[in-house]
Amino acid sequence: MSPTSTAARSFIARARRTLDVAGHTGNLGLLLVGVIVVFSLLNPTIFPTPLNLQSIAYAVPEIALLALAIAVTMSSGGIDLSIVATANLSALAAATVSIALLSSGTPDDVAAVAGIAVALLVGIGCGLINGLLVAKVRIAPILATLATMTLFSGLAVALTRGTPLYGLPNAILALGVQTVAIIPVSFWLLVVATILIWAVMNRTGLGLRIILVGASPEAADYTGIRRSRVLLSTYALSGAIAAFAGILMSARSASATADYGSSYLLLAITIAVLGGTNPLGGRAPIVGVSIAAIVLQAISSGFNGLHISPYVYQIVQGLILVVVLVVEVRRGRLTSWIQRMTKRPPADGAALTSEPSRSPNITSPDTIHAAGTTRA
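Quick caveat: nothing in here was measured; it's all calculated off a predicted structure.

What counts, and at which threshold
Residues numbered from 1 in each chain as written. Predicted model: local features only at pLDDT ≥ 70, side-chain atom pairs only at ≥ 80, totals over all residues. Heavy atoms only, no water. Helix = DSSP H or I, 4+ residues; strand = E, 2+ residues; numbered from the N terminus. Buried < 20%, exposed > 50% of the residue type's maximum accessible area, 1.4 Å probe, protein only. Contact = heavy atoms within 4.5 Å. Salt bridge = Lys/Arg side-chain N within 4 Å of Asp/Glu carboxyl O. Phe/Tyr/Trp six-rings, centres within 6.5 Å; stacked < 30°, edge-to-face > 60°. Expected span 1.5 Å × (residues − 1). Core = buried A, V, L, I, M, F, W, Y, C linked by side-chain atoms within 4.5 Å.

K.L.:
Explain unusual backbone geometry to me, please; I cannot follow it from the model alone.
P.N.:
If a residue is not glycine, its phi is most likely negative; likewise, a peptide bond is most likely trans. Although it is not a glycine, alanine 254 sits at a positive phi angle of roughly 60°. Here alanine 254 is to be found in the loop between helix H10 (227–253) and helix H11 (264–274).

K.L.:
I keep staring at the environment of glycine 246 and nothing clicks. Help me out?
P.N.:
Residue position: glycine 246 is located in helix H10. Relative accessible area serves as the criterion here: at 0%, glycine 246 is assigned to the buried category. Beyond its immediate sequence surroundings of up to four residues, glycine 246 is in contact with Ala87 and Ala91.

K.L.:
I keep staring at the environment of alanine 199 and nothing clicks. Help me out?
P.N.:
Structurally, the position occupied by alanine 199 is in helix H7 (residues 185–203). Residue classification places alanine 199 among the partly exposed positions, given a relative accessible area of 27%. Sequence separation between alanine 199 and isoleucine 286 is 87 residues, and the spatial gap between their C-alpha atoms is 9.4 Å.

K.L.:
How should I be thinking about the side chain of asparagine 130 in this particular structure?
P.N.:
Mapping asparagine 130 onto the fold places it in helix H4 (residues 108–136). When neighbours within four sequence positions are excluded, asparagine 130 is seen to be in contact with Asp80, Ser82, Ala144, Thr145, Thr148, Phe152 and Tyr235.

K.L.:
Looking at this structure, how should I read the pattern of salt bridges?
P.N.:
A side chain with one charge may pair with a side chain of the opposite charge, provided their charged atoms come close. Under the counting rule described, the total for this entry stands at 2 salt bridges. The partner of glutamate 62 in a salt bridge is arginine 252, and the shortest N-O contact between them spans 3.1 Å. Of the two residues, glutamate 62 sits in helix H2 (residues 50–75) while arginine 252 sits in helix H10, which places them 190 residues apart along the sequence. What makes arginine 252 partly exposed here is its relative accessible area of 36%. Measuring nitrogen to oxygen at the nearest pair gives 3.1 Å for the salt bridge that ties arginine 227 to aspartate 221. Among the residues examined, arginine 227 registers a relative accessible area of 6% and is labelled buried. Classification of aspartate 221 by relative accessible area gives buried; the value is 4%.

K.L.:
What should I look at first to understand the packing of aromatic side chains in this one?
P.N.:
Each aromatic ring pair is characterised by the separation of its centres together with the angle its planes make. Per the stated rule, a full pass over the model turns up 4 aromatic pairs. Ring geometry for phenylalanine 39 versus phenylalanine 303: centroids 5.9 Å apart, planes at 75°, classification edge-to-face. Placement of the pair is phenylalanine 39 in helix H1 (residues 3–42) and phenylalanine 303 in helix H12 (residues 286–305), with a sequence separation of 264 residues. Here the two residues phenylalanine 39 and phenylalanine 303 agree in accessibility, since each one is buried. Centre to centre, the rings of phenylalanine 303 and tyrosine 313 are 6.4 Å apart; their planes meet at 90°, and the pair counts as edge-to-face. Linking phenylalanine 303 in helix H12 with tyrosine 313 in helix H13 (residues 310–330), this pair joins segments that are 10 residues apart in sequence. Here phenylalanine 303 matches tyrosine 313 in class, with each residue buried. Grouped by ring-pair contacts, the aromatic residues Phe39, Phe47, Phe303 and Tyr313 constitute a single cluster.

K.L.:
Which parts of the structure should I look at to understand the side chain of serine 228?
P.N.:
Following the sequence through the fold, serine 228 ends up in helix H10. Overall, the relative accessible area of 4% leaves serine 228 in the buried class.

K.L.:
Where do I start with H10 in this structure?
P.N.:
Every α-helical turn comprises 3.6 residues, leaving residues that sit three or four positions apart pointing alike. An ideal rise of 1.5 Å per residue puts 39 Å on 27 residues; H10 measures up with 39 Å between its terminal C-alpha atoms. A large share of H10 lies buried, amounting to 21 of its 27 residues.

K.L.:
For this particular structure, what's the right way to read the nonpolar core?
P.N.:
If you look at the biggest cluster of nonpolar residues, it comprises 71 residues, and the most contacted ones within it are Leu66, Ile70, Ile83 and Ile271. Sorting elements by how many residues they give to this core places H2 first, with 14 residues. Those residues in contact with leucine 66 that lie beyond four places of it in its chain are Ile83, Val84, Ala87, Ala242, Ala245, Tyr264 and Ala268. Counting residues in each nonpolar core, the second largest holds 11 residues, with Cys126, Ala156, Leu168 and Ala258 among its members.

So yeah, pure geometry; function would need other evidence.
See below:
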């Protein structure tokens, strides 16, 4: 064996060990570094410049937050297709309130805080509506949120008659243009939001219950968890995250409109799955989702710098989603996910009230006695 082939085999072996140790989130970090290196070599005069990297940081937060909202609901075994509509409706509510306050002579900062508070309340309200439909009425999440997506979009159009709202407070507009240490304020807010959501999902009882419900609803019943409350909290959290994304969307575009980000839904789902979120529930790598958003935005920026058609980027998005779904199919997960998404969710305590023979991992006394007699 030649020294060259030996070195190549050794390099491949070391790379495999590195990927195994890094885990999925670490692999995404390595992928991000690879994307930056490749596009920097292909376009050294534009891509690695501070201005271009800053533009990537400006564009990432809103789509990353929407992907985080998807990831939170996916971790419970559901999905929220109404995130973009919720974000737009929340942004319009914030704009309506803050502009009215400004016109009445209210100070800019007070109007901004009031507008942001109203946006978050609207987002939580939209999430609670989704949660009620899924947890109480027991409509399949994909169908419930598809219906509310249309509902919220219709409300947004009715609120503004389809015209954008301008004149937001300067304090809100500053979130879309100002920087701290060269990095945009909106990106710093994404970092803070990622840390907070990670803490909720990994260091609080609510997060652990969300993941347990997503991993095994039957096991959640046997541990005494009220799944309806958990699902209500899950979708309320998703609505709040979407509302925060709506605020940053309006800050970056200096307006609020009913149809902003119409292409964001598929991209957010792609980012959530690419980030390592299990569509079946039980896992939500929050940091991985944020890194995945940066990876896709870096690819988009690299394509723009090379003057590659944006349609090619859409093809790349689709290919990434197809590859991820093929992997899920080979693992046998995708079919189960589709079946779970389209069936009616069970009621609270359904596993406890079912017949013993149908209960998971529960063996009746007669069966135990018969098995003992056979072994004897």
